[in-house]
Amino acid sequence: MLDHKSIRKYTKQEPTDETVKTIVRAGQQAPFASQYYSILLSRNRKRNPWNAPLLFTICVDSHKFELIMKERGWKIKTNDTTILFFGIQDAALMAENMVIAGRSLGLGGCFLGSAMYRAVKIAEEYKLPLRVFPLVQLTMGYPDEDPPPRPRYPFEFTLFEDKYPDLTKTTVEKAMKTMDEGYLAQDYYRKARYMIPLEGGRKETFTYDNYSWTEHICRKWGQWYPEPTELLAQLRKRGFHITKTDKSTQH
Ligand SMILES: Cc1cc2nc3c(=O)[nH]c(=O)nc-3n(C[C@H](O)[C@H](O)[C@H](O)COP(=O)(O)O)c2cc1C
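Everything numeric in this text was worked out from a predicted model, so none of it was measured.

### Some remarks on the site of the ligand
Lining the immediate surroundings of the ligand are H4, K5, S6, R8, W50, C110, F111, L112, G113, R150, R152 and Y183. Here S6 contributes a side-chain N or O atom positioned 2.6 Å from an oxygen atom of the ligand. Measuring from a nitrogen atom of the ligand, one finds a backbone N or O atom of F111 at 3.4 Å. Relative to its free-state accessible area of 620 Å², the ligand is covered by the protein chains to the extent of 61%. When atoms are counted within 2 Å of each cavity's grid points, the one that captures over half of the ligand is the largest pocket.

Take a look at the structure:
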């Protein structure tokens, strides 16, 4: 696990059914609040991102449990914000277990965060019932690359024992330096040929010599998705309602 790296290039080798089953079974064995997930699989290499042999779509699934409730003569009363928080935890624990199990069998993979914004499209493709929401996708296959492990924050910027500390400018700068120098040492963004463009007519002042992780993530969260509208629309169309003013479809 300390050697984890996302894999975006795969050999031609196809994982066997048994391998797929072991990965998903290991995912299922993750702790759960209520197994609020389902996993979709596509083996359509031609269409899968990076031509991966496997594309899993990890969904938060309320539909399945509502069928169980129906059998028992119950209706769901819990609000969808709570349902989604628990569902996302269940699904995320399952998903990472799959990554770890895959790696132990020689496979690598990479998550794709765009799924939740393409939820309606994915739902059409897999004929999902309402109340099933594609949360994240995971490509998997046998690695055809071996990148170095990516940097992480310093340990003391992550684990706070007994009390959350005052994060001084020096501590923050050290964390930024660890991340930025780590990514620059790997020439990560130059190799990926990817810099998030500055919006609003702001002039680019960075080059691949100094563009690194903290600038990259600042450009994401400093420019994208100021309103939840797009995501809420996808959720609503999938039967989930998380704003105060929405009337639940469930009761
Ligand atoms: C929720 C989530 C969404 C992600 N989405 C993408 C993505 O859309 N494209 C991509 O190339 N990597 C994606 N990743 C992978 C991250 O970029 C990667 O985990 C991170 O850069 C750290 O690198 P490492 O996994 O190699 O340690 C995603 C990871 C997570 C957990």
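### A short note on the pairing of strand 2 (residues 54–61)
Within strand 2, eight of the eight residues are buried, which leaves it mostly tucked inside the rest of the structure. Burial along strand 2 is two-sided: the face carrying L54, F56, I58 and V60 and the face carrying L55, T57, C59 and D61 are both buried. Note: strand 1 (residues 37–42) against strand 2, six bridges, orientation antiparallel. Each bridged residue has a counterpart across the sheet, and for S42 the counterpart in strand 2 is L55. In the sheet, strand 2 pairs with strand 4 (residues 132–141) via eight bridges, with the strands oriented antiparallel. Across the sheet, residue T57 finds its bridge partner in strand 4, namely Q137.

### Structural notes on empty space enclosed by the protein
For the coordinates displayed, the defined rule picks out one cavity of 30 Å³ or more. Here the largest cavity defines a volume of roughly 30 Å³. Lining the largest cavity are Y183, L184, D187, Y188, Y189, R190, Y208 and Y211. Elements represented by at least two residues in the lining of the largest cavity include exactly helix 5 (169–185) and helix 6 (188–192). Here the lining of the largest cavity gets three residues from one element, more than from any other, and that element is helix 6.

### Quick notes on unusual backbone geometry
Phi is positive for Q35, which is not a glycine, with a value near 50°. With respect to the helices, strands and loops of the structure, Q35 is situated in the loop between helix 1 (17–28) and strand 1. Residue K127 is not a glycine yet carries a positive backbone phi of 55°. Summarising the element assignment, K127 is placed in the loop between helix 4 (119–126) and strand 4. Looking at K127, the relative accessible area reads 68%, which means it is exposed.

### Digging into the side chain of R238
If you trace the backbone, R238 turns up in the segment after helix 8 (229–237). Put simply, R238 is tucked away with no salt bridge, and the nearest opposite charge, on E124, sits 8.0 Å away. Polar contacts involving the side chain of R238 include one to the main-chain carbonyl oxygen of P129, which spans 3.0 Å. R238 has contacts with A119, A123, L128, P129, L130, R131, V132, F133 and P134, leaving out every residue within four places of it along the chain.

Cut-offs used in this document
- Residues numbered from 1 in each chain as written.
- Predicted model: local features only at pLDDT ≥ 70, side-chain atom pairs only at ≥ 80, totals over all residues.
- Heavy atoms only, no water.
- Near = heavy atom within 4 Å.
- Polar contact = N/O pair within 3.5 Å; in protein donor to acceptor, adjacent residues only side chain to side chain.
- Areas by Shrake-Rupley, 256 points an atom, 1.4 Å probe, with all protein chains shown as cover.
- 1 Å grid on protein atoms, 1.4 Å probe; cavity = no way out; pocket = protein on both sides within 12 Å on 5 of 7 lines; lining within 4 Å.
- Sits in = over half its atoms within 2 Å of the grid points.
- Buried < 20%, exposed > 50% of the residue type's maximum accessible area, 1.4 Å probe, protein only.
- Helix = DSSP H or I, 4+ residues; strand = E, 2+ residues; numbered from the N terminus.
- Pairing = 2+ DSSP bridges.
- Points joined across faces, edges and corners; volume = space filled by probe spheres on them.
- Lys, Arg positive; Asp, Glu negative; His and termini not counted.
- Salt bridge = Lys/Arg side-chain N within 4 Å of Asp/Glu carboxyl O.
- Contact = heavy atoms within 4.5 Å.

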